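So the chains spell out like this:
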Amino acid sequence: MNLAGRNLVTIDDLSNGEIMALFSLTDEMSADMKGQFGLCQGRVMASLFFEPSTRTRLSFETAMHRLGGSVITASDVGASSLAKGESIADTARIVGSYADIIVIRHPWEGAARVVADYAGIPVINAGDGGHQHPTQTLCDLYTIFKERQTIKGLKIAIWGDLKYGRTTHSLIFALARFGADILFYPSPGLEVPQHIIDKLTTEYGGEVERVAPSDSADRDLLPMDAIYTTPSSPHQLAMMPDISVQVELQEGVDALYVTRPQKERFTAGEEAKSAGGKYPVVDKKLLRAKAFRKTLVMHPLPRVDELAYEVDADERSMYFKQAARGVPVRMALLALLLGTRELSIPGMDSPAPMEYPVYHHEISPRCPNPRCVSIQSTETKYLKSEFKIVKTRPLTLRCVYCEHGFEPKFVASADWHEHKIDTRKYHSADSHWVTTIRPENLIAFNTEEEAQAHGFKPSHFTGGHH
Ligand code: NCD
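Residues numbered from 1 in each chain as written. Predicted model: local features only at pLDDT ≥ 70, side-chain atom pairs only at ≥ 80, totals over all residues. Heavy atoms only, no water.

**Q** Pulling in residues and values, what's your account of the overall build of the chain?
**A** Within the chain one finds 15 helices and 18 strands. Across the 466 residues in the chain, those meeting the buried criterion constitute 54%. For the chain, the proportion of contacts with a sequence separation of at least 24, taken over those separated by at least 6, is 71%. Put simply, the chain shows about 20000 Å² of open surface, and 53% of that area lies on carbon and sulfur atoms. (Helix = DSSP H or I, 4+ residues; strand = E, 2+ residues; numbered from the N terminus. Buried < 20%, exposed > 50% of the residue type's maximum accessible area, 1.4 Å probe, protein only. Contact = heavy atoms within 4.5 Å. Areas by Shrake-Rupley, 256 points an atom, 1.4 Å probe, with all protein chains shown as cover.)

So this is what it looks like as structure tokens:
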């Protein structure tokens, strides 16, 4: 099979079989890093990094050089035309006419999606705000796979900033797809966003349990928040959270994935809280717990204080290996997307992507995520908000760019009232109306003011909001 011309914007862009094929090509690259020089000769990779990076940018650039290709780079918003107010779409079109493949890191969530829509060449997301970082996930999965020969059925604990840690978001989805059990250990206040939990349960058929901290001796060590289990490995003890925690820990955790607090994305409130609060630290003492006897200690790096240097010499530590593997993983990815290598894809069951009705009326709410690319002033001149209707009760829209979910409070129908201004009515989104309006006619509003600004009047079903 041929992956030529494809994008990697979210981890969902690769099936399980494709990821496994990429790993076998990674093995081939690792076995002879200096022997791949002819593979991408004459090809140009554009490396656009509008946020700090060491590993991701340098490993991509090393990978392209080792494949015999060349690299052009823009790594500072201030030094590129973005500083003059150029849109992402225009930048994408221009770079797309110079290079053969684009690697982009950007602080706005959904930015890589926009680049992929406009560049006309393959685009790889090297991190878009707090959304996703799919190539880091490939390095993480490859490390787990090399060390454990499987991913299915493993227990992987994810630690730290699960709210803004984009590497954890892509990793959670990938682990769920491969049938791992995931244990969440968020730093207080930095729990996994609800839209990610929703996607896990609705699209991967998983179960999520919230577990109150038990009275066990481990409580201080392991501030457990939730367990995500896949249906492929049912837990008989799922109904007894405290006991199931004990069992999980007795059996041991296969990997502990540590992340730093993503302070650059904190709100003022979170900033203040983090200054006073304690962020959990992985050190020698913690790793003495029985549950971690054979645990792979992983981290996407950079680390700050959450992972003690004393752990570096421990044979369970994997983070430098993870980073080193970034080069062969990215060599394999570049060669596949540029079409200079083809591969046979092992047949594997991968959950089919969920099909949702699309919201596509002219009148549309704005994505409420302040970091979403679709609401930035340079982008609204050409980008239209676009949502998937993922649920009707409560009505939930998911932005196609940043994938945040939100619940608009009011609805109207384009069908019944379109040409009759005086009967344009809006209703509360939790009234029965939401189920009678067909998705293609749905109009949603976040506030009554928004509805009224578009000439809609309140119906009897506005839930006492007027
Ligand atoms: C991560 C990132 O940029 O999201 N770094 C990386 O690419 N290895 C993790 C981080 O910055 O904490």
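**Q** Outline the sheet that holds strand β14 (residues 405–406), listing residues and values.
**A** Ordered by their spatial adjacency, 4 strands build an open sheet running β11-β12-β13-β14, and the pairing between neighbours is antiparallel. Two strands bound the open sheet, and with one partner strand each, they are β11 (358–359) and β14. Bridge count between β11 and strand β12 (residues 387–392): 2 bridges; the pairing is antiparallel. When the bridges of β12 are listed, Tyr359 appears paired with Phe387. (Pairing = 2+ DSSP bridges.)

**Q** Can you break down the pattern of salt bridges residue by residue, with the values?
**A** By the definition in use, this model includes 19 salt bridges. Between Glu28 and Arg341 there is a salt bridge, with the nearest N and O atoms lying 2.7 Å from each other. Taken together, the residues Glu28 in helix α1 (residues 16–31) and Arg341 in the loop between α12 (326–337) and β11 connect sequence positions 313 residues apart. Judged by relative accessible area, Glu28 falls into the partly exposed class, the value being 40%. Two residues, Glu61 and Arg57, come together in a salt bridge whose shortest N-O distance is 3.4 Å. One end of the pair is Glu61 and the other is Arg57, both in helix α2 (residues 55–66) and 4 residues apart, which spans about a single turn. Of the residues examined, Glu61 reaches a relative accessible area of 12% and is grouped as buried. (Salt bridge = Lys/Arg side-chain N within 4 Å of Asp/Glu carboxyl O.)

**Q** Could you give an account of unusual backbone geometry, with specific residues and numbers?
**A** Here the amide bond leading from Leu301 into Pro302 is cis, since omega sits at 5°, within 30 degrees of zero. Relative to the assigned elements, Pro302 resides in the loop between β10 (296–298) and α11 (319–324). The omega torsion across Arg393 and Pro394 is -10°, close enough to zero to call that bond cis. As for its position among the elements, Pro394 is in the loop between β12 and β13 (395–399). Positioned with a positive phi, Gln149 is a non-glycine residue whose angle comes to about 60°. Turning to its location among the elements, Gln149 is positioned in the loop between α5 (134–148) and β5 (155–160). In this model, Glu403 sits at a positive phi of 65°, which is unusual for a non-glycine residue. With respect to the helices and strands, Glu403 occurs in the loop between β13 and β14. Of the residues examined, Glu403 reaches a relative accessible area of 14% and is grouped as buried.

**Q** Describe the state of the cysteines, and please don't skip the residues or the numbers.
**A** What makes a disulfide is a covalent bond joining the sulfur atoms belonging to two cysteines. For the structure on display, the rule yields 0 disulfides. Cys372 carries a free sulfur, and the closest cysteine sulfur to it, the one in Cys399, is 3.7 Å from it. Classification of Cys372 by relative accessible area gives buried; the value is 0%. (Disulfide = S-S within 2.5 Å.)

**Q** Tell me about the environment of Met331, and name the residues and values.
**A** Along the polypeptide, Met331 turns up in helix α12. For Met331 and Thr26, which are 305 residues apart along the polypeptide, the C-alpha to C-alpha distance reads 7.4 Å. If near-sequence neighbours (up to four positions away) are discounted, Met331 is found in contact with Met29, Met33, Gln36, Ala63, Arg66 and Leu67.

**Q** With reference to specific residues and values, describe the packing of α1 against α12.
**A** The contact between α1 and α12 brings their axes to 8 Å, and the two run at 120°. Pair α1 / α12 crosses with right-handed handedness. When α1 is examined against α12, the residues Leu22, Leu25, Thr26, Met29 and Ser30 are found in contact with a partner set consisting of Pro328, Val329, Met331, Ala332, Leu333, Ala335 and Leu336. Taken together, the residues of the contact of α1 with α12 sort by class into 10 nonpolar, 2 polar and no charged. (Axes fitted to C-alpha atoms, helices over the stretch in contact; angles between N-to-C directions. Left-handed = near helix turned anticlockwise from the far one by under 90°. Nonpolar A, V, L, I, M, F, W, Y, C, P; charged D, E, K, R; others polar.)

**Q** Quick one: what's the story with the nonpolar core, residue by residue and with numbers?
**A** Core analysis: the biggest nonpolar cluster contains 63 residues, and Leu138, Leu141, Leu175 and Leu334 have the highest contact counts within it. By residue number, the principal contributor to this core is α12, which donates 9 residues. Three or more residues apiece are contributed to this core by two domains, here domain 1 (11–133 + 323–337) and domain 2 (135–322). Residues within four places of Leu141 in sequence aside, it is in contact with Ile19, Phe23, Ile151, Leu171, Ala174, Leu175 and Phe178. (Core = buried A, V, L, I, M, F, W, Y, C linked by side-chain atoms within 4.5 Å. Domains from an automatic or database assignment.)

**Q** Please provide a residue-by-residue account of the site of the ligand, values included.
**A** Taken together, the neighbourhood of the ligand is formed by Arg55, Thr56, Arg105, His133, Gln136, Arg166, Thr167, Arg260, Gln262, Pro300, Leu301 and Pro302. Contact distances for the ligand include 2.8 Å between an oxygen atom and a side-chain N or O atom of Thr56. The contact in question runs from an oxygen atom of the ligand to an N or O atom on the side chain of Arg260, over 2.7 Å. Burial of the ligand by the protein amounts to 94% of the accessible area it has alone, namely 320 Å². (Near = heavy atom within 4 Å. Polar contact = N/O pair within 3.5 Å; in protein donor to acceptor, adjacent residues only side chain to side chain.)

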